[in-house]
Amino acid sequence: MTTGVRPRVLPPPAAAAGASETGAFQTLVLLLPVVHVWAYTARFTDLFDPRNPLIQLLVMSMMFGTLVMAAAAPEAFGRNGLVFAGAYVTVRVGVLAVGVLLLRGHEGQRNAVRLLFWVGVPAVPWMTGAFLPAGARGAL
C-alpha cells in the first residue's frame, strides 16, 4: 500500500553552502520593509487616536498589506516579486495619501505631502525591481 507521500530530498551540503549567502541577503532585503511597515504602523497609531474608526480602518489595511507581504515573501525573488513590492508600496504610499486628504487645511498636511514625496521616490525602484528577472532584483 502506498501513501502517496514522497520523502523530501535535501540538497547536498556544497549546494546549500553556496545558497546560504544569497538566502541571507534576500532575507535581509525582505526583512527591512516588513520591519519598516511595522515601525511605521506603530508610529502612526502613536500620532493619531487609535480609537477613531477611520484610524482603525487604516491600521487594519496596513496589517492586511503586511499579511500579503508575509505570504509573498517565500517567492518574493521569484514569481511573487510584484505582489510583495506592490503590497509594500501600497501600504506606504496609500496610507500617506489618505493622511494628506485627512489633514486638508491642517498645518500637518504640508509635512504629510513632503513625506509622501520621499516615500514615493523609493517606490519607483521597488516597483521596477518587481518586473526585473530574479538575479537583477538583488542588485537594484
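Structure: see above.
Residues numbered from 1 in each chain as written. Predicted model: local features only at pLDDT ≥ 70, side-chain atom pairs only at ≥ 80, totals over all residues. Heavy atoms only, no water.

> Would you mind showing me how to read the overall build of the protein chain here?
Helices and strands together make up the secondary structure of the protein chain, namely five helices and zero strands. Of all 140 residues assigned to the protein chain, the portion counted as buried reaches 26%. For the protein chain, contacts bridging at least 24 residues in sequence account for 57% of all contacts bridging at least 6. Total accessible area computed for the protein chain in this model is approximately 9,700 Å², and 69% of it derives from carbon and sulfur atoms. (Helix = DSSP H or I, 4+ residues; strand = E, 2+ residues; numbered from the N terminus. Buried < 20%, exposed > 50% of the residue type's maximum accessible area, 1.4 Å probe, protein only. Contact = heavy atoms within 4.5 Å. Areas by Shrake-Rupley, 256 points an atom, 1.4 Å probe, with all protein chains shown as cover.)

> I keep staring at the pattern of salt bridges and nothing clicks. Help me out?
Opposite charge on two side chains permits pairing when their charged atoms draw close. The tally for this structure, following the rule as stated, stands at two salt bridges. A salt bridge links Arg-43 to Asp-46; the shortest N-O distance between them is 3.7 Å. Remark: Asp-46 and Arg-43 occur in helix α1 (residues 13-47); sequence separation between them is three residues, near one turn of the helix. According to the relative accessible area criterion, Arg-43 is partly exposed, its value standing at 49%. Note that Asp-49 and Arg-51 form a salt bridge whose closest N and O atoms lie 3.2 Å from each other. With relative accessibility at 68%, the residue Arg-51 sits in the exposed group. (Salt bridge = Lys/Arg side-chain N within 4 Å of Asp/Glu carboxyl O.)

Coordinates in, geometry out; function isn't part of it.
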